Every structure is written in structure tokens, then in C-alpha cells.
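# Structure assessment
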Amino acid sequence: MIGEFGKRVFCLDLDGVVFDFCTPFRDFIEKHTGLKIDLSTLDSYYWYNCINGLTKKIWDDLFDRFTEEGRYRNLPVLPGVIDGLLAITSNPNNIVAFCTARPKITVMDTA
């Protein structure tokens, strides 16, 4: 996208582009509930709509705990992301913006 003043704006999502959230959070849920979750069956951000035995309350409580323990903040960057961002930002006419949906509790970790 070409923005104001001829700058090129790159909008990047966080999950699946900068880091993998789903696998570590799935592992966290499995550890604390005993549920087995196949990520390929998820068709909604609201996992509790897709997984038998996972209620909204359990999901919310575990998401809050995951975040409070610093697990969201400390997700490792996917391979190649740093090099890609450095390549994009090496051009002064490029701007990088992170566009993501995030629950309120993660704002401090992603702002």
C-alpha cells in the first residue's frame, strides 16, 4: 500500500507471521485441562466454539494466565522475521505497521 507522502506501508499480522501463538497456547491448554486439541480443526478465533470440553470461562481464564505469566510477551519470533523486517525498514520510504486483533489483556505486550 502506498501511503501519504509516497511511503510504502507494510501491515503485518502478529500471529503466524511474526510469531506462532497457536501451538504454545494449545500446549498450555492441554497441560492445564487434559484436552487434546488438533489445531487443524479450529475454524474460529474463539476456540471454545470448536473444542468439546473447552468453555469460554476456561479459555478466558487460561488466556489470562498465559498472558500474566509472560508467555504471550515471550513468544519466539519465527525464522526469517528479523531479517525480513530489517530488509523492509532499510528503505526510509517503507513503514511497518503491525495489524492484529488482540484481547485487552495483551495490549501492554503488543502496543
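Residues numbered from 1 in each chain as written. Predicted model: local features only at pLDDT ≥ 70, side-chain atom pairs only at ≥ 80, totals over all residues. Heavy atoms only, no water.

### Some words on the pattern of salt bridges
This model, assessed by the stated rule, comprises five salt bridges. For the salt bridge of Asp-61 with Lys-57, the shortest nitrogen-to-oxygen distance reads 2.8 Å. You can see Asp-61 and its partner Lys-57 sitting in helix H2 (residues 56–68), four residues apart, about one turn around the helix. With a relative accessible area of 40%, Asp-61 lands in the partly exposed category. Judged by relative accessible area, Lys-57 falls into the exposed class, the value being 56%. Measuring nitrogen to oxygen at the nearest pair gives 3.1 Å for the salt bridge that ties Glu-69 to Arg-65. Relative accessible area serves as the criterion here: at 38%, Arg-65 is assigned to the partly exposed category. Three or more residues joined by partner-sharing salt bridges are found here, namely Arg-65, Glu-69 and Arg-71. (Salt bridge = Lys/Arg side-chain N within 4 Å of Asp/Glu carboxyl O. Helix = DSSP H or I, 4+ residues; strand = E, 2+ residues; numbered from the N terminus. Buried < 20%, exposed > 50% of the residue type's maximum accessible area, 1.4 Å probe, protein only.)

### Here we look at the packing of aromatic side chains
Taken as a whole and assessed by the stated rule, the structure comprises 17 aromatic pairs. Look at Trp-59 and Phe-63: their rings are 5.4 Å apart centre to centre, the planes differ by 15°, and that puts the pair in the stacked class. Taken together, the positions of Trp-59 and Phe-63, both in helix H2 and four residues apart, correspond to about one turn of that helix. Ring pairs connect the aromatic residues Phe-19, Phe-21, Phe-25, Phe-28, Tyr-45, Tyr-46, Trp-47, Tyr-48, Trp-59, Phe-63, Phe-66 and Tyr-72, which therefore count as one cluster. (Phe/Tyr/Trp six-rings, centres within 6.5 Å; stacked < 30°, edge-to-face > 60°.)

### Regarding the nonpolar core
Counting 21 residues, the largest nonpolar core has Phe-21, Phe-25, Ile-29, Trp-47, Leu-54 and Trp-59 as the members making the most contacts within it. Breaking this core down by element, the ones donating at least two residues are helix H1 (22–33) and H2. Ranked by residues supplied to this core, first place goes to H2 with four residues. Those residues in contact with Trp-59 that lie beyond four places of it in its chain are Phe-25, Ile-29, Tyr-45, Trp-47, Tyr-48 and Leu-54. (Core = buried A, V, L, I, M, F, W, Y, C linked by side-chain atoms within 4.5 Å. Contact = heavy atoms within 4.5 Å.)

### Considerations on a nonpolar patch on the surface
A cluster of nonpolar residues, Val-77, Ile-82 and Leu-86, forms a patch on the protein surface that exposes about 280 Å² of accessible area. Along the chain, Val-77 turns up in the loop between H2 and helix H3 (81–89). Among the residues examined, Val-77 registers a relative accessible area of 43% and is labelled partly exposed. (Patch = residues over 30% accessible without salt bridge, like charges linked within 9 Å, V, L, I, M, F, W, Y side chains within 5 Å. Areas by Shrake-Rupley, 256 points an atom, 1.4 Å probe, with all protein chains shown as cover.)

### Notes on the packing of H1 against H2
Contact geometry for H1 and H2: axes closest at 11 Å, N-to-C directions at 115°. In this structure, H1 crosses over H2, and the sense of that crossing is right-handed. Counting all contacts with H1, which are made through Pro-24, Phe-25, Phe-28, Ile-29, His-32 and Thr-33, the residues of H2 involved are Ile-58, Trp-59, Leu-62, Phe-63, Arg-65 and Phe-66. Classifying every residue of the contact of H1 with H2 by side-chain character gives nine nonpolar, two polar and one charged. (Axes fitted to C-alpha atoms, helices over the stretch in contact; angles between N-to-C directions. Left-handed = near helix turned anticlockwise from the far one by under 90°. Nonpolar A, V, L, I, M, F, W, Y, C, P; charged D, E, K, R; others polar.)

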